[in-house]
Amino acid sequence: MTNSLFQPWLVPALPLAGMAINGLFGKRFSEKLVAAIALIATGCSFLVACLQALLLVNSGSPMLEQHYGTWIQAGKFTVDFGIYLDHLSLIMMLVVTGVGFLIHIYAAAYMHHEGGYYRFFSYLNLFMFFMLVLVLANNYLLMFVGWEGVGLASYLLIGFYFLKDSAANAGKKAFITNRVGDFGFLIALFMMIQTFGSVHYGSLYFNPGLVNALPLEHSTGILTMIGLLMLVGACGKSAQIPLFVWLPDAMEGPTPVSALIHAATMVTAGVYMVARSNPIFSRAPIALLAVAVIGTLTSFFAATIGMTQMDIKRVLAYSTVSQLGYMFMAAGVAAYSAGVFHLMTHAFFKALLFLAAGSVIHGIGGEQDMRKMGGLRKYMPWTFYTMATATVAIAGIPPLAGFWSKDEILWQAWSSPYGSKIFWAVGVITAFMTSFYMFRLLFMTFFGEYRGEAAVAHAGHDAHGGHGHTPHESPWMMLGPLVVLAALSIFGGFVGAGHRFEHFLDPVIQKVEAHRSALEVEAAAAPMTEEPAAEKSTELALMATSVIVALAGLGLAWFLYIKRPELPARIAAALGGLYTLVYNKYWIDELYKAVLISPLLWISTHVLWQSVDQKIIDGSVNDLAVTARDVSGVVRQQQSGLIRSYAGWIAAGAALVVAYMVWMGTR
Amino acid sequence: MYNHILSIILFTPLVGAFVLLCIPGSNKTAIRWTANFFGFLGFAVSLPLVSWFWAVKSLPGFKFMEGAPNSWIPTIGAGYYLGIDGISFLLIMLTTFLGAISILSSWSAIDNRVKEYYAWFLVLQTGMLGVFMSLDFFLFFVFWEAMLVPMYLLIGIWGGPRRVYASIKFFLYTLFGSVFMLLAIIFLYFFHHAQTGVFTFSILELYKTAPLLPAVYGPTAAVLLFLAFFVGFAIKVPMFPFHTWLPDAHVEAPTAGSVILAGVLLKMGTYGLIRFSLPLFPAVVHYPRLRLAMVTLSIIGILYGALVSLVQKDMKKLVAYSSVSHLGFCTLGIFTLNTLGLQGSVLQQINHGISTGALFLIVGILYERRHTREIAEYGGIGTVMPVYATIALIMFLSSMGLPLLNGFVGEFAILQATFLARPVWAAWAVPGVILAAAYLLWLYQRVFFGKVENPKNAALPDLTPRELATLLPLVALAFWIGLYPRPFFAILDQPSKEIVEMVEHPKTYNAAQPLKAAQVAQSAVESTPEAVR
C-alpha cells in the first residue's frame, strides 16, 4: 500500500472530486453513473477516514497535524490550510463520513426519478466536503470556511425543489439566520486574533502563554467574551434559542438532506465548536453557564412544540432542536464528552428516524401529515421495526444507544461542578416529553387503521408525486441503511458504558482545575475519594429516574393514541389558548417578522430610500439646481441683445462711476 | 520596453481610438474586431508588468518611474511624471483586464454609433490609467477630468431612457467635487513655493511640504484643505451622502459602462484617499473627531447601501446600492490607518471590481434578452439558463463574501483591521455582511428560483461562448483570490507600510526654510485646539 492512501486530506478531497465530476459532467451521465460516482467518493472517504482513525489510535499520540500550505498571510498574521486530527475530530470525521455514506446509498434510491439527480448528488458531495473541512480544520478560520460552506450546501439542498416557493424561502431563511450567528463567530475570531495573534488550535491551546496562561475568569474577561460570541455562532448553526427558527422550515428539503444535514451532522457543528474550544469555555464559567441555560431552555421549549405537531418531519425537526439542546446542556456543565457522545448516538438514531420517515412518505405517496397515516406497520414492516428501534433509542430506554448518552448528560447536569439540580430536573421533564412525542409519532404512524386515501394519487407534498397506490415497503437500497443505522442505534451506546467514551476524549478536554493552586485541587479531590459508594448510588437512582420517565412517556402515548385515541383532540380543546400557542410554535416566527423584518423593510423603503435618498439628498441637490437656474434666469435678462438697453446700462454705469469719483474728490 | 512600460500601457488604448477613427463607420464588424483587438492588446501589454513588478515589489518608493518633474510645462512646474507602487499596479491591472472584458461584452449590446462608442471607451481607458500612474498633480488632474467626458458621453448617448438626466447628474456631481480639489491642489502648489521657493506640481515634492500645513496655517485651514480633497474623492467613491448620482448613472449606463464605472471609476475615489488624503494630511486624519466622522460615514454607507439594496425592484439599482455598501468597507479600511486595513481596502477594491463587474455583466446578459431589469419580471431562470444560473450563483456568493471566494478575504482583512483600531466600529460594520447575504440571496431567489411564470422567459437562450468568455475569467479570479490571496497581500505589503509610515511620521523638508520647517517638530496634533481634537 502506498503512503498516499494514508493522507488525511483525501477524506475531504474525495467528496470534492465527486462534486466536481457530477457538477460539471453529470448532466450527460445516467442516474446510475451519477450515484456510483457520489457513492464511491463518499465510500472511499469513509474508508480513508477509518484507516486514519486506526492509525491515530494505534500510534498512541494524542493528535496529528498536517499542513498543506499557507492560505492568508498579512503581516505577522498567517492562516494555514491544515488538518488537525485528534480524538474529537476523529469521532466527528467517522460520524460524518459513515452516516453520510449510508444516507448517500439511501438517497440514490429515494431521489430516483427526481429531476436534477446529478445536481442533488453534487450538492450532497459538496456538503460532505465542507462538513469535513469544518471538523478537520486545524484552525478557526478554516473551520469558518467549512461553517459557511455547509450553510451554502444546506441552502442549495433545502432549495433543491426550487420550483416550490416555500423551499426557496426556507433555504434563504436558513442561510440568513446562520449569518446572524456568524456575526458572533466573526467577532470572536477578531478578538482571538487581537488577543492571541493566532487562530490555530495547536498554538492557542498547547502553546504555554496563550489560553493556557489565563486564569479562570470569575467575572467577564476576554475569554468570557470570546466564549459568548462563539455561542452566538453556535446558536445559529445548531438551531438554539433564539436562532432556532430556520431548522423546522429547513424540512422543506428532500428527506435525505434532513437526515444528513439537519439532524446528523451540520446542526451538531455548534456542539463540536464548543467542545473544540473547551479550554476557553472551561476558563469562562459565565460563558459556560450561558451555554447550559440556552441548551436547557431550548431542549424544553422545542420538546413542547414537538408534542403538538402533526407533520411527521416537523416532529422530528423539533425533536432535533430539543436533542441539540441536550448536547448544549452537557457542554454547558463542562461535560463536553457527554455532549459529543450524545452527538454521536443522536446521529445514528435521528438519521434513522428521518430516513424511516422518508421511507414512510415515499411509501404512501408523499403524505407527511400523521393524521393521514396509521396502520402502516403491516404495509412496511422493515420501516416499522427500524423506526421503532430508533424511537426506543431516542426515548432513552435501556440498553439502546440514547439511554447511555442521555443518562450521562443528566448525571453530569446533576453532579458536575458547573451543574445544577435545575438543569437536571428540566432535563428529566424533557426526557419524558421526548419519549411521549416519539411514541406518539410511532403510534399515529404505524398503529391503528390506515387513514390515508389509498387509491387517490397525491400531488406530492415532498415533490414526490406519482406514488398514488396502497402503501408499500421501500426498496432494499433504502432499507439497507435503515438496518445498519438500527444496529448502530442498538449497540452504539455501549462504547460509553463505564465512562469509556469520556476517557477516549480525555486528551482533547483540558482539565482546567489543574490551573488552580495545588492546595485547592487537593481540597476538591479529597471528598470525592471518600464517598464513591454514595456517589454510585446517586448515579443509579438518577438512572432509574430517567428510565421511569421514559417509560411513563411511552405509557402516556400508548394510552392517548392507542387506548383512547379520541382523547388528544379533547385535551387540545380543553387547553384552548395554551395548545394553540404551542401548536403555532409560540408565534416566534410571526414575532420576528413583526418586530424585525417588516420594520426593517419598511424603514429601508420609506425612510432610507424614498425619503433620505430621493427627497432629502436628491431633493436638495435638485433645489440647488433649480435655484441656480432661476438666479441665472434673472441675470440673463441683462444680456437682452437690445442696443438701447445696453446703452442705458452703460449710461447708468458711467453715472455711477462719475458719482463715485465726485464723492471721493469732495472728501 | 521595460523603461517605458507605463507609457505603452497608458497610450495603447488611445492609439486604438485613433485607429478606430480611420475605419468607415458603416463597417461595424471591422470596428468591433478592431476595438476588441485594442481592448485585448491593452491588457496584453500590461501583462509583462506582472512579472517585472513582482521582482521589484518590495523596493521602497515608486517603481517604473518615467519622465521627470516639471518636464512638461516647466514654466508652471507641471511634469510628465509617471510611476507606480503595488496599489496602483493592482488597479492598473484591474483596469486593463476589465477594459478588455467590457469591450468584449459590448459586441451585440451596442448597435448605433458603434465607432464613437468604442473610440470613447478606449479614451476612457487611457484617462483612468493615467490617474493611477500620475506622479504629478497637474497631469493627474488632466486625466481625472479627461475621463469624465467619455463616461458622460457613454451614459448620455448609449444609455437608457433617462440617460440625459443621469449623465448630467453624474457630470455635475463629479465636476463639483473636482473644483474643490483643484483649488486645494493650487493651494498646496503655492504653499510648496512658499516653503521651498520652487514651483512644482510633483506629488513626491508636495508630500514633503503639505504635512507642514497645520503648523503654518493652523489646523482649521488644514482641515478645510483636507475636506476640499475629500469632497472630490467622496463623491467619486461614492460615500454617503454623496452617493445619489450612482444609482441613476448605473441604471442608465450601458452594461459595459456600468462594469467600468463600478469596477474602476469608483476606485479612483478610494485611490485618491489613499494616495493623497492620507500622506498629504497626516495630522488631519489623526484628529479624532474627523477620523470618527470618516469612519461613521463609511459605516453608514455600509449599512445604508445594504438596506436600500434590500428593497430595490430594479436589479441594476440593487447592484448599484450594493456598491455603496461594498465601497463603505473600502473606505472603512482606509481610515483604520493601519497596514492591514489598507491592504484589505485595496484588495477589496479589486474584489469589488471583479464581483460587481461580473454582477453587472450578469444583469446585462439578462437585459439584452428581455430588455427589462424589473426583478418581478423574472423567476425560474435557473431552469431556462442553467449555466448562466450557476455562474451567477458563484459571483453572488463572491459578492456576499463567502469564504474560499475573493470577497471574504478582503472583508475579513478590513474588519480585522477595524477591530484592531476600535472593536465597536467592527461590530457596527459586520451586520453589513449579514445584509449582503439577505439582499443577494433574495434577488437570486426571485430571479432564478421558482417556476417560469412569465411566458417571455420560457425560451431564453443560455450563455453564448462570447458571454461565457467575459464571465469565466472573472470566476477564475474570484477563486484565485479566495484560495490564494498571498501574492496580493505581498504586493500590497510595501506600499501599505510606506503610507502608514508617511501618516505616522511624515518626512518633510527642512533644507530650504529651516525656520518654518522646525515648527513641524511640534507636530500638528499638539497645536490642535480642543475644538478640533
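Model, not experiment: these values are computed from the prediction.

Q: Where do I start with the overall build of chain B in this structure?
A: What chain B contains, in helices and strands, is 23 helices and two strands. Relative to a compact globule of 533 residues, whose C-alpha radius of gyration would be 24 Å, chain B shows 23 Å and is just as compact. Overall, chain B is about 80 × 55 × 45 Å in size when its C-alpha atoms are taken along their principal axes. Per-residue burial over chain B gives 65% buried out of 533 residues. Taking the contacts inside chain B whose residues are at least 6 apart along the sequence as the reference set, 80% of them involve residues at least 24 apart. Distance between charge centres in chain B, computed from 31 positive and 23 negative side chains, equals 3 Å.

Q: Before we go on, may I ask you to explain the pattern of salt bridges in this structure?
A: Opposite charge on two side chains allows them to pair when their charged atoms are near. All names here are of chain A. Under the criterion given, the structure shown has 21 salt bridges over all chains. In this structure, Asp 86 and Arg 276 form a salt bridge, with 2.9 Å as the shortest nitrogen-oxygen distance. Separated by 190 residues along the polypeptide, Asp 86 in strand β2 (residues 77–86) and Arg 276 in helix α11 (residues 269–276) bring together distant segments of the chain. For the residue pair Asp 86 and Arg 276, the accessibility class agrees, reading buried in each case. Put simply, Asp 369 and Arg 371 hold a salt bridge, and the shortest N to O gap is 3.0 Å. Taking the relative accessible area as the measure of exposure, Asp 369 reaches 17% and is therefore buried. Members of the salt-bridge network, linked through shared partners, are Lys 173, Asp 249, Arg 314 and Asp 589.

Q: Honestly, the environment of A:Phe185 in this entry has me stumped. Any pointers?
A: All names here are of chain A. As for its position among the elements, Phe 185 is in helix α6 (residues 165–196). Residue Phe 185 is classed as buried on the basis of its relative accessible area of 1%. Sequence separation of Phe 185 and Asp 311 is 126 residues, and the distance between their C-alpha atoms is 33 Å. Those residues in contact with Phe 185, other than ones at most four positions away along the chain, are Tyr 140, Met 143, Phe 144, Trp 147, Leu 229, Gly 233 and Met 273.

Q: Would you take a moment to explain the environment of A:Lys615 for this structure?
A: Within the fold, A:Lys615 resides in helix α25 (residues 588–636). Among all residues touching A:Lys615, those that are not within four sequence positions of it are A:Gln610 and A:Ser620.

Q: How should I be thinking about the interface of chain A and chain B in this particular structure?
A: Interface size is commonly expressed as the accessible surface area that is lost when the partners come together. Opposite the 47 residues of chain A that make contact, chain B presents 56 residues. On inspection of chain A and its partner chain B, the count reaches one salt bridge. The closest approach of N and O atoms between A:Asp618 and B:Lys169, which form a salt bridge, is 2.6 Å. On the surface where chain A and chain B come into contact, there are 12 residue pairs in polar contact (both at pLDDT 80 or more). Residue assignment for the side of chain A that touches chain B shows that the elements contributing at least two residues are β1 (63–74), β2, α5 (140–158), α6 and α25 of chain A. Of the residues forming the side of chain A that touches chain B, the biggest block, 16 residues, is contributed by α6(A). A class-by-class count of the residues in the side of chain A that touches chain B yields 32 nonpolar, eight polar and seven charged.

Q: It is not clear to me how the nonpolar core should be interpreted in this structure. Could you clarify?
A: Generally speaking, a soluble globular protein has its nonpolar side chains buried in company with each other. Residues A:Tyr140, B:Phe137, B:Phe229 and B:Leu280 are the most contacted members of the largest nonpolar core, which totals 408 residues. Not counting residues within four places of it along the chain, the set of residues in contact with B:Phe137 comprises B:Ile185, B:Phe201, B:Ile203, B:Leu206, B:Phe229, B:Phe276 and B:Leu280. A:Ala292, A:Met329, A:Ile409 and A:Leu542 belong to the second largest nonpolar core, which has 17 residues in total.

Q: Can you walk me through the packing of helix α4 (residues 117–136) of chain A against helix α10 (residues 255–264) of chain A in this structure?
A: Packed helix pairs are characterised by how far apart their axes lie and by the angle those axes make with each other. Residue and element names in this part refer to chain A. Direction vectors running N to C along α4 and α10 enclose 5°, while the axes themselves pass 12 Å from each other. By the angle class used here, α4 and α10 are roughly parallel. Every residue of α10 that contacts α4 at Phe 120, Leu 124, Phe 127 and Met 128 is listed here: Pro 256, Val 257, Leu 260 and Ile 261. Residues of the contact of α4 with α10, tallied by class, amount to eight nonpolar, no polar and no charged.

Q: Help me understand the packing of aromatic side chains, please; the structure alone is not making it clear to me.
A: Given two aromatic rings, their pairing is described by the distance between the two centres and the angle made by the two planes. By the definition in use, this model includes 73 aromatic pairs over all chains. Centroid distance A:Phe120 to A:Phe160: 5.3 Å. Interplanar angle 70°. Geometry classified as edge-to-face. With A:Phe120 in helix α4 and A:Phe160 in the loop between α5 and α6, this residue pair connects regions lying 40 residues apart in the sequence. Summarising the burial analysis for this pair, A:Phe120 and A:Phe160 share the class buried. Between B:Phe132 and B:Tyr271 the ring centres are 5.1 Å apart and the planes differ by 80°, which places this aromatic pair in the edge-to-face class. Taken as a pair, B:Phe132 in helix α4 (residues 114–133) and B:Tyr271 in helix α11 (residues 255–280) lie far apart in primary sequence, 139 residues in all. Considered together, B:Phe132 and B:Tyr271 belong to a single accessibility category, that of buried residues. Through a chain of ring-to-ring contacts, the aromatic side chains of A:Trp71, A:Phe81, A:Phe144, A:Trp147, A:Phe185, A:Phe190, B:Phe408, B:Phe412 and B:Phe419 assemble into a single cluster. Across from the ring centre of B:Trp144, 4.6 Å away, lies the NZ or CZ of B:Lys236, which sits over that ring. Seen from the ring of B:Tyr378, B:Arg370 lies directly overhead, with NZ or CZ sitting 5.5 Å from the centre.

Q: Hey, could you run me through the side chain of B:Arg291 in this one?
A: Residues and elements named next belong to chain B. With respect to the element layout, Arg 291 can be found in helix α12 (residues 288–310). From its side chain, Arg 291 meets the backbone oxygen of Thr 336 in a polar contact 3.1 Å long. Other than its neighbours up to four places away in sequence, Arg 291 contacts Val 285, Phe 335, Thr 336, Leu 337, Ala 421 and Trp 425.

Q: Looking at this structure, I do not really get the pairing of β1(A). What am I missing?
A: Two faces, one strand: in a regular strand the side chains alternate between the faces of the sheet. Residue and element names in this part refer to chain A. Two strands pair when backbone bridges link them, and β1 and β2 are joined in this way by nine bridges, in the antiparallel orientation. Bridge pairing links Leu 64 to Leu 85 in β2. Remark: two residues form the turn of the hairpin made by β1 and β2, two consecutive strands paired antiparallel; Gly 75 in that turn has positive phi of roughly 65°.

Q: Would you mind showing me how to read the packing of helix α3 (residues 87–110) of chain A against α11(A) here?
A: Residue and element names in this part refer to chain A. Across the interface, α3 lies against α11 with an axial gap of 11 Å and an inter-helix angle of 165°. Relative to α11, α3 is oriented roughly antiparallel. For the pair α3 and α11, the crossing hand works out as left-handed. Residues Leu 88, Ser 89 and Met 92 of α3 pack against Tyr 272, Ala 275 and Arg 276 of α11. For the contact of α3 with α11, the class distribution of residues is four nonpolar, one polar and one charged.

Q: Is there a simple way to explain α4(B) in this structure?
A: The α-helix advances 3.6 residues per turn, and as a result positions three or four apart in sequence lie on the same side. The end-to-end C-alpha distance of α4(B) is 29 Å, a good match for the 28 Å that 20 residues give at a rise of 1.5 Å each. Counting buried positions along α4(B) gives 16 out of 20 residues, so the element sits mostly inside the fold.

Q: Explain unusual backbone geometry to me, please; I cannot follow it from the model alone.
A: For residues that are not glycine, phi is negative in most cases, and the peptide bond is trans in most cases. Residues and elements named next belong to chain A. Cis rather than trans, the peptide bond between Ile 241 and Pro 242 has omega equal to 5°. Structurally, Pro 242 is set in the loop between α8 (222–237) and α9 (246–249). Cis geometry is adopted by the peptide bond preceding Pro 399, which originates at Pro 398 and carries an omega value of 5°. On the secondary structure map, Pro 399 appears in the loop between α16 (381–395) and α17 (401–415). One non-glycine residue, Ala 239, adopts positive backbone phi at about 55°. Located in the positive-phi region is Ala 334, a residue other than glycine, with phi close to 65°.

Q: How should helix α19 (residues 431–448) of chain B be read in this particular structure?
A: For α19(B), spanning 18 residues, the distance from its first C-alpha to its last is 25 Å, which sits close to the expected 26 Å at 1.5 Å a residue. Burial analysis of α19(B) places 15 of its 18 residues in the buried class, the great majority of the element.

Definitions and cut-offs
Residues numbered from 1 in each chain as written. Chains lettered and ligands numbered in written order. Predicted model: local features only at pLDDT ≥ 70, side-chain atom pairs only at ≥ 80, totals over all residues. Heavy atoms only, no water. Helix = DSSP H or I, 4+ residues; strand = E, 2+ residues; numbered from the N terminus. Rg over C-alpha atoms; globule rule 2.2 N^0.38 Å. Buried < 20%, exposed > 50% of the residue type's maximum accessible area, 1.4 Å probe, protein only. Contact = heavy atoms within 4.5 Å. Lys, Arg positive; Asp, Glu negative; His and termini not counted. Charge placed at Lys NZ, Arg CZ, Asp CG, Glu CD. Salt bridge = Lys/Arg side-chain N within 4 Å of Asp/Glu carboxyl O. Polar contact = N/O pair within 3.5 Å; in protein donor to acceptor, adjacent residues only side chain to side chain. Nonpolar A, V, L, I, M, F, W, Y, C, P; charged D, E, K, R; others polar. Core = buried A, V, L, I, M, F, W, Y, C linked by side-chain atoms within 4.5 Å. Axes fitted to C-alpha atoms, helices over the stretch in contact; angles between N-to-C directions. Parallel < 35°, antiparallel > 145°, perpendicular 65-115°, else oblique. Phe/Tyr/Trp six-rings, centres within 6.5 Å; stacked < 30°, edge-to-face > 60°. Lys NZ or Arg CZ within 6 Å of the ring centre and 35° of its normal. Pairing = 2+ DSSP bridges. Left-handed = near helix turned anticlockwise from the far one by under 90°. Expected span 1.5 Å × (residues − 1).

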